[in-house]
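If you want the building blocks of each chain, they are given just below.
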Amino acid sequence: MNETKKHTGNYPCNDDNRLIRQQAIRLVVTLVSLGGSIGLYYLGFFGTLEGPLNPEKIGAAVAGSNIAPGHLLAGLFLIFLVSISWNWVYNLINRMKIDRAATRQPQAAGKQKITPVTFQPVRKGPWSHTIWAGSLMGLIGFCVQLI
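Residues numbered from 1 in each chain as written. Predicted model: local features only at pLDDT ≥ 70, side-chain atom pairs only at ≥ 80, totals over all residues. Heavy atoms only, no water.

Of the regular secondary structure elements, the protein chain holds 4 helices and 0 strands. Listed N to C, the secondary structure of the protein chain is α-α-α-α in terms of helices and strands. Burial statistics for the protein chain: of 147 residues in total, 10% are counted as buried. The contacts of the protein chain with a sequence gap of at least 6 include a subset with a gap of at least 24, amounting to 52%. Summed over all atoms, the accessible surface of the protein chain reaches about 12400 Å², with 67% contributed by carbon and sulfur. (Helix = DSSP H or I, 4+ residues; strand = E, 2+ residues; numbered from the N terminus. Buried < 20%, exposed > 50% of the residue type's maximum accessible area, 1.4 Å probe, protein only. Contact = heavy atoms within 4.5 Å. Areas by Shrake-Rupley, 256 points an atom, 1.4 Å probe, with all protein chains shown as cover.)

Structure follows, in structure tokens:
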């Protein structure tokens, strides 16, 4: 069977019709976020209905468990620091491992040539930037509220 003619025809998921596939994915993501928002609304997350996620109930539960504003500030600061520096630590550990492997296996003269492993740094993605930006906004808002 000829594999190159497997997807010939006018199918919605054909590689020639990527636009339809992308629009379908965007529609599904929109519907899932709408369903999640409706669910949070009926659980009382936005404060208009009584429910387990009502902000007054959440505040009373936090106050009842002896969590002080300083604890929340320290937690937000810790999340901020970890989300900013996780890739620095990861890249440092990887660089040390590569350097250590290179010193343990020196290239023998006249033997086979071993190509060295190059270091490829890991960069932050959009989720990491979202986390540190959100925690920074929480820190700023919390500090402004304390003043």
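Another point: the side chain of S135. One can find S135 in helix 4 (residues 126-146). A polar side-chain atom of S135 sits 3.0 Å from the main-chain carbonyl oxygen of W132. Residues in contact with S135, not counting those within four places in the same chain, are L76, I79, F80 and S83. (Polar contact = N/O pair within 3.5 Å; in protein donor to acceptor, adjacent residues only side chain to side chain.)

Moving on, we get to the environment of L73. In this structure, L73 sits in helix 3 (residues 69-104). Look at L73 and you get partly exposed, because its relative accessible area is 24%. Between the C-alpha atom of L73 and that of I140, which follows or precedes it by 67 residues, the distance is 9.8 Å. In this view, L73 contacts L139, F142, C143 and L146; residues no more than four positions away in its chain are not counted.

In this section: helix 4. The end-to-end C-alpha distance of helix 4 is 30 Å, a good match for the 30 Å that 21 residues give at a rise of 1.5 Å each. Regarding helix 4, the residues found buried are S128, S135, L139 and F142. Viewed along the axis of helix 4, the buried residues span an arc of 75°, placing them on a single side of the element. Facing away from the buried surface of helix 4 by more than 90 degrees, the exposed residues are P126, M137, V144 and Q145. (Expected span 1.5 Å × (residues − 1). Arc of directions from axis to C-beta.)

Turning our eyes to something else, we now look at the packing of aromatic side chains. In the structure shown here, the tally under the stated rule is 3 aromatic pairs. On the numbers, 5.5 Å between centres and 80° between planes, the contact of F45 with F46 is edge-to-face. A relative accessible area of 40% means that F45 is categorised as partly exposed. Measuring from centroid to centroid gives 6.5 Å for F80 and W132, while their planes differ by 65°, and the two rings are edge-to-face. Note that F80 is positioned in helix 3 and W132 in helix 4, a separation of 52 residues in sequence. For F80, a relative accessible area of 17% gives the class buried. (Phe/Tyr/Trp six-rings, centres within 6.5 Å; stacked < 30°, edge-to-face > 60°.)

This part covers a nonpolar patch on the surface. There is a patch of nonpolar side chains on the surface, built from L27, L31, L34, I38, L40, Y41, Y42, L43, F45 and F46 and spanning about 970 Å² of accessible area. By the secondary structure assignment, L27 is in helix 1 (residues 18-42). (Patch = residues over 30% accessible without salt bridge, like charges linked within 9 Å, V, L, I, M, F, W, Y side chains within 5 Å. Salt bridge = Lys/Arg side-chain N within 4 Å of Asp/Glu carboxyl O.)

All quantities given are derived from atomic positions and should not be read as evidence of function.
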